[in-house]
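Residues per chain, in single letters:
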Amino acid sequence: MNNSVSDRSFYIESEDEEDEEKEFNKSIEDGGNDSDSSESYTENQQQNIPSSYNTQWPQSYRQSIDLYSSVPSPSIGFLGTPSLSRLGSSFLSSSLTRRHTPETLPFLTKPSVPIVADEQQQQQQRRSSHSLLPPIHSRRSSIRKDDKPSRVSHEHHPISRHSSFTQAVINGINVLCGVGILSTPYAIKEGGWLGLLILLIFAVLSFYTGLLLRRCLDSQPGLETYPDIGQAAFGTGGRIAISIILYVELYACCIEYIILESDNLSSLFPNAHLSLGGYMLDSRILFAILTTLAVLPTVWLRDLSVLSYISAGGVIASIVVVLCLFWVGLVDGVGFENKGTPLNLSTLPVAMGLYGYCYSGHAVFPNIYTSLAKPNQYPAILLTCFVICTILYGGVAVMGYTMFGESTASQFTLNMPHDLVASKIALWTTVVNPFTKYALTISPVAMSLEELVPSNKSHIYAILIRTALVVSTLVVGLCIPFFGLVMSFIGSLFTMLVTLILPCACYLSILRGRVTRLQATLCIIIIIVGVVSSAFGTYSAVSKIIQSLIR
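These figures come from a predicted structure and were not determined experimentally.

K.L.:
What exactly am I supposed to notice about the overall build of the chain here?
P.N.:
Looking only at helices and strands, the chain features 19 helices and two strands. Counting over 551 residues, the chain shows a buried share of 58%. Residue pairs in contact within the chain that sit at least 24 positions apart in sequence constitute 86% of those at least 6 positions apart. As presented, the chain carries roughly 22200 Å² of accessible surface, and 64% of it is formed by carbon and sulfur atoms.

As structure tokens, then:
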């Protein structure tokens, strides 16, 4: 990938880029007149088959979620080949100025070995190891020789289909184990010890629905993303509805980042304030504004691959914070003595939303699956991710609550004594991590909106849209500065839909007539659990937010 200064510059139109685009299109047209080139291109497209699913909004979903979720692969032996390709150095100038960008990037060079046999073998391997899932044979559509590739990036990187087991596990954990881990002790405070059973139940149900998404992807050719599944199940309306839900969830996560930064930085510097035009900005408001100003330039960046590398450290960051919590409790003498209550029925719905938020990774699972070199490893990868994350969530919940008891805050980092070295490491790790993830999280939302903008005005509109999104997250974060309650709301409303309700509904719709009675019963039960949890959790979270605002 080109590492020149221009690659990391802000989104600015370049005449050279336009000239390169014309040369590229000309080369494609010339290549189309060569029979060998046409045959080579047809062969290369076997893994990137055009379909009706990538011609409707949002066309940028695949690219943006790959960028948001994938862990890049440096030259480290055990990581193997890259899991998902990075978008090119002209990330914004290429993908934003062409409104009809397909979700898959075509191979533009002839591979050294044929891939047709490998593809057929992979399709035969796509059988679920779960006894409750029926075997479904995936079909592959044909491709016309006169199809032309669309230029998406100057680098022409394809979406890799060679992600290893290790990379896929790291990607899955990086998506699942996010800021939700900070609130699991607070969830025990709100729901009681028996509430941990909800965490385990959600883990099992989410794992199963993750397998259902795989069956949906294998049911028809051309399905690659969650919106594709929604379109196959419920038509264009289903695609748009699911896409909106997924994008709003990502947008809400960015709001959580602003609140998180504000809470932790104001905890580190409680006396910070600023008088501006006669208005006194306390530490919470001041750091929320400073955080917004800090992340805004990263949102404008044309090359986000550097942030992707840094954001991949989210797994390490989570482990560091957990180790710091354990160190403070065991070595620094805070101790694990608080007992708590078995069950708090009045606030249990809030805990349900918090636990639900912990498993909000289904928007990315289809991308992880379709990137695998060995798709039959998907159940094992998914199981590994859920087991590791559930152990981390449960361990932190127990440690945090036994350390701080009823004084447990919505983020356990706020309870850790600030004079301890381990506490400072945990706090600063928590503060730094969202700065790398904010731009990657908001980019899918921005790219989807930019698809609706006329291409001849995309430059200025790209800047305006991204700036407006960032400023709006600041405004919402300042108006509703309740980290735990906002997380419970997101987990109750959006995560229940994305994780429990929609996978089952899509599965029943796409595979109707081929689903056994047991499978249909399980799906219906999961849908009921999701609807009930969503209803009670959302109502409880909204009620508490309103009460907190009135005070």
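K.L.:
Please clarify how the packing of helix H10 (residues 283-300) against helix H16 (residues 421-450) should be interpreted in this entry.
P.N.:
Between two packed helices, what matters for the description is the angle formed by their axes and the separation of those axes. Where H10 meets H16, the closest approach of the two axes is 9 Å, and the angle between their N-to-C directions is 55 degrees. Taken as axis vectors, H10 and H16 run oblique relative to one another. Here H10 runs over H16; the crossing is right-handed. Every residue of H16 that contacts H10 at Thr-291, Ala-294, Val-295, Thr-298 and Val-299 is listed here: Phe-435, Tyr-438, Ala-439 and Ile-442.

K.L.:
Any chance you could explain helix H19 (residues 517-550) here in plain terms?
P.N.:
For an α-helix the count is 3.6 residues per turn, leaving residues at separations of three or four pointing the same way. Counted at 1.5 Å a residue, the expected span for H19 with its 34 residues is 50 Å, and the 49 Å between its end C-alpha atoms agrees. Buried residues of H19: Gln-519, Cys-523, Ile-526, Gly-530, Ser-533, Ser-534, Gly-537, Thr-538, Ser-540, Ala-541, Ile-545 and Ser-548, and no others. On its buried face, H19 sits against helix H8 (196-219), helix H13 (348-357) and helix H18 (483-510).

K.L.:
Help me understand the state of the cysteines in this model?
P.N.:
One covalent bond between the sulfur atoms of two cysteine residues makes up a disulfide. In total, this model carries zero disulfides according to the counting rule given. Free of any disulfide, Cys-254 has its nearest cysteine sulfur in Cys-253, 7.0 Å distant. Taking relative accessible area as the criterion, Cys-254 reaches 0% and is therefore assigned buried. In this structure Cys-385 is a free cysteine whose sulfur lies 6.3 Å from that of Cys-389, the closest cysteine sulfur available.

K.L.:
Would you take a moment to explain H10 for this structure?
P.N.:
Its 18 residues place the ends of H10 27 Å apart at the C-alpha level, agreeing with the 26 Å of an ideal helix rising 1.5 Å per residue. Taken together, the buried positions of H10 are Ser-283, Leu-286, Phe-287, Ala-288, Thr-291, Thr-292, Val-295, Leu-296, Thr-298 and Val-299.

K.L.:
Help me out: how do you make sense of the packing of aromatic side chains in this one?
P.N.:
Counted by the stated rule, this structure contains 11 aromatic pairs. Relative to Tyr-393, the ring of Tyr-359 lies with its centre 5.9 Å away and its plane at 80 degrees, an arrangement referred to as edge-to-face. A residue pair is termed long-range when its members are at least 10 positions apart, and Tyr-359 in the loop between H13 and helix H14 (365-370) and Tyr-393 in helix H15 (residues 378-404) qualify at 34 residues. Relative accessible area serves as the criterion here: at 0%, Tyr-359 is assigned to the buried category.

K.L.:
What exactly am I supposed to notice about the packing of helix H12 (residues 314-330) against H16 here?
P.N.:
Between H12 and H16, the shortest axis-to-axis distance is 9 Å and the interhelical angle comes to 160 degrees. One element, H12, and the other, H16, form an angle in the roughly antiparallel class. Pair H12 / H16 crosses with left-handed handedness. Of the residues in H16, those touching H12 at Gly-314, Ala-317, Val-320, Val-321, Cys-324, Trp-327 and Val-328 are Ala-422, Ser-423, Ile-425, Ala-426, Thr-429, Thr-430, Asn-433 and Lys-437. For the contact of H12 with H16, the class distribution of residues is nine nonpolar, five polar and one charged.

K.L.:
Just to check I follow, could you spell out a nonpolar patch on the surface for this structure?
P.N.:
Residues Leu-194, Leu-197, Ile-201, Leu-343 and Leu-345 make up a contiguous nonpolar surface patch of roughly 480 Å² in combined accessible area. Inspection of the secondary structure puts Leu-194 in the loop between helix H7 (184-191) and H8.

K.L.:
What exactly am I supposed to notice about the confidence of the model for the chain here?
P.N.:
Keep in mind that low pLDDT regions are not for reading the predicted coordinates in detail. In the predicted model, the chain carries a mean pLDDT of 77, and the fraction of residues at 70 or more is 71%. In this model, residues 27-50 is a region of pLDDT below 50 whose contacts with residues beyond four sequence positions or in other chains number 49 contacts. Of the regions scoring below 50 in pLDDT, residues 72-159 engages in 262 contacts with residues more than four places distant in sequence or in other chains.

K.L.:
Would you take a moment to explain the environment of Trp-428 for this structure?
P.N.:
Take Trp-428: it is sitting in helix H16. Residue classification places Trp-428 among the partly exposed positions, given a relative accessible area of 39%. As a C-alpha pair, Trp-428 and Thr-413 span 15 residues in sequence and 9.7 Å in three-dimensional space. When sequence neighbours within four positions are dropped, the list of residues in contact with Trp-428 reads Leu-265, Leu-268 and Phe-269.

K.L.:
Mind showing me how you'd approach the pattern of salt bridges here?
P.N.:
Opposite charge on two side chains makes pairing possible when the charged atoms of those side chains draw close. One pass over the structure, following the stated rule, counts four salt bridges. Between Arg-239 and Asp-228 there is a salt bridge, and its shortest N-O distance comes to 2.6 Å. Taken individually, Arg-239 and Asp-228 each receive the classification buried, so the pair is uniform in this respect. Where Arg-466 meets Glu-450, a salt bridge forms, and the shortest distance between an N and an O atom there is 2.8 Å.

Here is what the cut-offs are and how they apply
Per chain, residue numbering runs from 1 following the sequence as it is written. It should be noted that, the model being predicted, local features are given only for residues of pLDDT at least 70 and side-chain atom pairs only at 80 or more, the latter also being counted only at that level, while totals for whole chains, interfaces and linings use all residues. Based on all heavy atoms of the structure, the side-chain values leave hydrogens and waters out of the count. Strands here mean DSSP runs of E at least two residues long; helices mean DSSP runs of H or I at least four residues long; both are numbered from the N terminus. Throughout this description, buried means an accessible area under 20% of the type-specific maximum (1.4 Å probe, protein chains only), exposed means over 50%, and partly exposed covers the range between. Any two residues whose heavy atoms approach within 4.5 Å are treated as being in contact. In this description, accessible areas are obtained by the Shrake-Rupley approach with a 1.4 Å probe, and a residue is regarded as covered only by the protein chains that are shown. Every axis corresponds to a line fitted to the C-alpha atoms, with the helix fit spanning only the stretch in contact, and the corresponding angles, defined between N-to-C directions, vary from 0 to 180 degrees. In this scheme, roughly parallel covers angles under 35 degrees and roughly antiparallel covers those over 145, while 65 to 115 is roughly perpendicular and the rest are oblique. Left-handed describes a crossing whose near helix is turned anticlockwise from the far helix by less than a right angle; the clockwise case is right-handed. Working rule for helices: expected span equals 1.5 Å times residues minus one. By disulfide we mean two sulfur atoms from cysteines, separated by a distance within 2.5 Å. Classification of ring pairs uses Phe, Tyr and Trp, with its six-membered ring standing for Trp, and accepts pairs whose centres are within 6.5 Å; under 30 degrees between planes counts as stacked, over 60 as edge-to-face, and the remaining range as tilted. Put simply, Ala, Val, Leu, Ile, Met, Phe, Trp, Tyr, Cys and Pro go in the nonpolar bin, Asp, Glu, Lys and Arg in the charged bin, and everything else, Gly too, in the polar bin. For patches, a residue must show more than 30% relative accessible area and have no salt bridge; joins then use 9 Å for like charges and 5 Å for nonpolar side chains, namely Val, Leu, Ile, Met, Phe, Trp and Tyr. Should a side-chain nitrogen of Lys or Arg be within 4 Å of a carboxyl oxygen of Asp or Glu, the pair is scored as a salt bridge. Each residue carries a pLDDT value, the predictor's own confidence for that position, ranging from 0 to 100.

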